[in-house]
Structures are given as structure tokens and as C-alpha cells.
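# Examination of the molecular architecture
So the chains spell out like this:
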Amino acid sequence: MKNNLKKYNTKRNFNITDEPIGKKEKIAKKLRFVVQHHIASKDHYDFRLEWNGTLKSWAVPKGPSYNPKDKRLAIQVEDHPLEYRKFEGTIPKGQYGGGTVMIWDEGYWEPLDNPKKDFENGNIKFILKGKRLKGKWALIRLNENNWLLIKEKDSVIGYKNINEFITSIKSGKTMEEIENKKKRKKVIKITNPNKVIFKNPKITKKDLVDYYKKVAKRMLPYLEKRIISTIRCPNGINESKFFKKHLENIDNLLGKINISNNAKEENYYYIKNVEGLISEVQMNSFEFHIWGSTIDNLEHPNIMVFDLDPDENMNLKKVRQGVKDLKSILDDFSLSSFLKTSGGKGYHIVVPINSISNWENFCQTAKNIALLMETKWPNKYVINMRKDKRKKKIFIDWIRNTRGATSVAPYSIRLRKKPTVSMPISWEELDIVKPNDITINEAIKRIKKEDPWKGFFKVNQ
Ligand code: ATP
Ligand code: MN
């Protein structure tokens, strides 16, 4: 059996569903299994065995039975990502598998023979060590995708009818309770939609909500699961702005994470999906800044950012040359890089880093690259952030690649004089697009065209 999550990913729109994106994972010491009760167009149980970093999956219409005489039809479906074993919730209507999913049982499984061969031959015997399912079981292929799930005779007794278990093994919730939770979550009420945030042109809070709804699909890959800090601007850009690092939003739509920094526990938060993003905008957070790592791999940053900060009144031609010089160095290292406007004074060069590096190495690498710039062209570039050292030069800001530092997220609005965006652009556009050229209306037009950052997470492997 081929190990393949492509099918899984193409069937789903991850901007709409909360199900995890399919990624292959490292093989754990013990093999896990999960059974999810899934009420979709039909009521069934999804039986999943960890194998080769994914979950081999079968839909069992009647669910497993403890009676060895019951031969339960199990229809093999596409491999699911390992992460899926944690999924409990509602898949939106109209999406693939739309309905409610409950974690019905979980634990470990042990193959009794040679699982690689047995999967291929369609006859696999194994022991389940779950909370509800235990003992010896067998999966036997009839034809194509049709298998039988059968309880083998052994000494495990005491479980009669699986239908007795109507709650989640994880949350204790019934199907109905899981469904209701989602309904509450879905509705995000936008208060004061007509409040003016930018005066010229006139942009209201609702316009900003609409903007983020429209760009969410493009933006989320860079935003989701990264610790954020935001700028709140409840009364328009001419009034007070607040930096926000901690969760204040009580909608329960956002992720919370405690991190110790220099022995001090701090509470951070992150966005998980479009609802979380919109709920933050409802709270008047209009500008989003992100960490270089995701919460799944917090100590291994994967997005490096170089910010070119020109001295005041510097000719844009020189700034653009700076971008080209930096790109040439990255090219020399065979590092693919991507360009975005800052929405303010400069450009940001963004480098996906996939070789797992810790923060120290990561930041040192960024510094060394910046230092190369300074060494090669000492009259043009400087890596020291002090203002008096920057006279007529461009400061290559590598410091935002330290743990805990942030930079503005791609597609984030900037709360500057006019409603600009930190916008991904193609390298060919460097000489055409100014750092503060792209406004939210222009950005909305652009996202209908080809993504200039296509392949971002695939390069530099
Ligand atoms: P410009 O092109 O105008 O220089 P920029 O995005 O490069 O724009 P700033 O917006 O001045 O630069 O940001 C400087 C640094 O401060 C960045 O690392 C940024 O992430 C950080 N920063 C800005 N706002 C916040 C915030 N709300 N919370 C945390 N860090 C922030
Ligand atoms: Mn800058």
C-alpha cells in the first residue's frame, strides 16, 4: 500500500475546515491507533492505524464489534495525516466528510506478524491497546477497498456492545455537544462595522474585516500556528495604538501557549484559522506580526526575514539595489528567497528555512549573511542598528531572527497614514512597486492573480 497524503489534501479546503493539513511525520516508537465516530452523510466509525508516518484508514459503517462472529465491513479510504488522530469537531457542510467527528477510542496497536507484508497481502492481525478496544483483531481484504474488521477470539471479555459508548474518550462530550460548540464558535459578531479607521481614503472596520476574509486563504499559511503580536487601533489611525502580545479575546477561537523566557512564564497566543483571524480583527487588531517558528516546532525557526531599513530620505534606487545585492548573496548560497513590500519604508526579503536549525544557529546565519553585505559594500550597508551608524546607509536588520522577535506577516495591513499592506511581490516587480504602493484595494486585486510566493514552503529543502 502506498503511503500518500496527496489525496487527503486535495479533497479538503483547509481555509474552511479545521481538519489538519496532511504532512508525513516521523515514525514514533509505538504505533498509535484511533477510532473516530463520524456522523456525515452516513453514520460510521473511522478506524485508523498508524503506519509509516500516516494513518491507514478504513470507514466501518457499523463500527467494530466484540463478537468474533460479526464480520464488519471496513472500506479503506485515503491515508490520513497522523495529526488527524487528535481531530474532534465539525467539518463544515459542503466540505468533504462534512459532519461531526468524535474521538471514540485511542491507544496503541501492535502488529502480530510482518505488517509491511500483511498490509500488502490484505490480511493483518494485531493487538489493540485502547481504552475501549482491546485484544486481538484482524483486518482482511475482500477486494479492492473492501475489507472485514473482525474480533479474534482471545481472553478479553466484558465489552458487549460498542454502541454503549456515546461520549468522546478525549473530551467526554457527546456528538451533540461537539456540534453545538462549533455553532457557537462560527458566528463572529462584528461590532461598530462603520467605524472609520483610515480617513483618506475612507476605510471602515468592516472594510478591514472584508479585506482579511478575502486574503485569508493566501495569508494563513504564513500566519497560522505562529505566535503573534498585533497592533490594535480601536479608534482609527490618528488615535492611540496598542501593542498586544497576550490573549484578550475570549471567543475561544485562538490558541494559547505558555512559554518560559529567561525563567519567566509568559502567555502568548496564535491564530489557527480564518475564524480566529476575523475574531482578532473584531477586537480591533488590524496589524499582525509573527514569530519565525510555528508552535509545532517552536525551537526550530523556519522563516528568516531580512528587513532593509534605509536612512531617512534615501533614494529608492539605492534601496532596490540593496535588495538585489542581498538576493545575489542568498543566490550564491543557493537559498531561494521571496520579496515583499513592508508597507512602510522598505522591502523585506524572506527565506524559508527547512533544514531544522535551532534559534542560535538560525540567527547567526542571518547575521553572517548581513555581515557579508557590510563587508562587501561597507559604504552602503550596516548591520549595527544604532541610528548614528546608519547615516546614508541601509541597515540590514537581521536581529528580527532572534527567538521572540517578530516581523510583520505577509498580507498584513499596516497602520500607517494610508491603508497599505505588506505584500508579497515577484522579483520582477522590485523596480516597479514601491514599498508603500500596495493598498488594501490593490492587494485584493492582486490575490486574484498568480501567487508570487508559489512554492514557498517547498524550496530550500
Ligand atoms: P518599515 O518598512 O517602515 O521599516 P517594518 O515592518 O520593516 O516597516 P517596523 O514596523 O518599524 O518595521 O517594525 C520594526 C520591528 O518592530 C519589527 O521587527 C516588527 O515586527 C516589530 N513590531 C512592530 N509592531 C510590533 C508589535 N505590535 N509587536 C511586536 N513587535 C512589533
Ligand atoms: Mn523596516
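Keep in mind the model is a prediction, meaning the values are calculated, not measured. (Residues numbered from 1 in each chain as written. Chains lettered and ligands numbered in written order. Predicted model: local features only at pLDDT ≥ 70, side-chain atom pairs only at ≥ 80, totals over all residues.)

Next up on the list: the site of ligand 1. Ser229, Phe243, Ser342, Gly344 and Thr406 are the nearest of the 17 residues found near ligand 1. The biggest single contributor to the shell around ligand 1 is strand 12 (residues 228-232), with three residues. Of the residues in the shell around ligand 1, the class split is five nonpolar, eight polar and four charged. (Near = placed C-beta within 6 Å. Helix = DSSP H or I, 4+ residues; strand = E, 2+ residues; numbered from the N terminus. Nonpolar A, V, L, I, M, F, W, Y, C, P; charged D, E, K, R; others polar.)

The buried fraction of strand 2 (residues 43-51) is high, at eight of nine residues. Relative to strand 2, strand 1 (residues 31-39) runs antiparallel, the two being bridged by seven bridges. Paired with glutamine 36 across the two strands is aspartate 46, which belongs to strand 2. Between strand 1 and strand 2, which follow one another and run antiparallel, lie three residues. Two elements, strand 2 and strand 3 (residues 54-60), share seven bridges in a ladder whose sense is antiparallel. Its bridge partner being in strand 3, leucine 49 is matched across the sheet by lysine 56. Hairpin geometry of strand 2 and strand 3 is characterised by an intervening segment of two residues between the two adjacent antiparallel strands and by a positive phi of about 55° at asparagine 52. (Buried ≥ 20, exposed ≤ 12 C-beta atoms within 10 Å, placed from the backbone. Pairing = 2+ DSSP bridges.)

With that out of the way, let us pick up the sheet that holds strand 25 (residues 424-425). Spatially, 20-21-17-19-18-25 is the arrangement adopted by the six strands of the open sheet, whose pairing is mixed. Looking at the sheet topology across the chains shown, the edges are occupied by strand 20 (381-382) and strand 25. Judged from the two bridges that link them, strand 18 (residues 338-341) and strand 25 form a sheet pairing that is antiparallel. Note on strand 25: the bridge partner recorded for leucine 339 is isoleucine 425. Here helix 7 (residues 359-376) sits on the sheet and contacts strand 17 (303-310), strand 20 and strand 21 (394-397); the angle it forms with strand 17, its principal contact strand, is near 35°. (Contact = placed C-beta atoms within 7 Å. Axes fitted to C-alpha atoms, helices over the stretch in contact; angles between N-to-C directions.)

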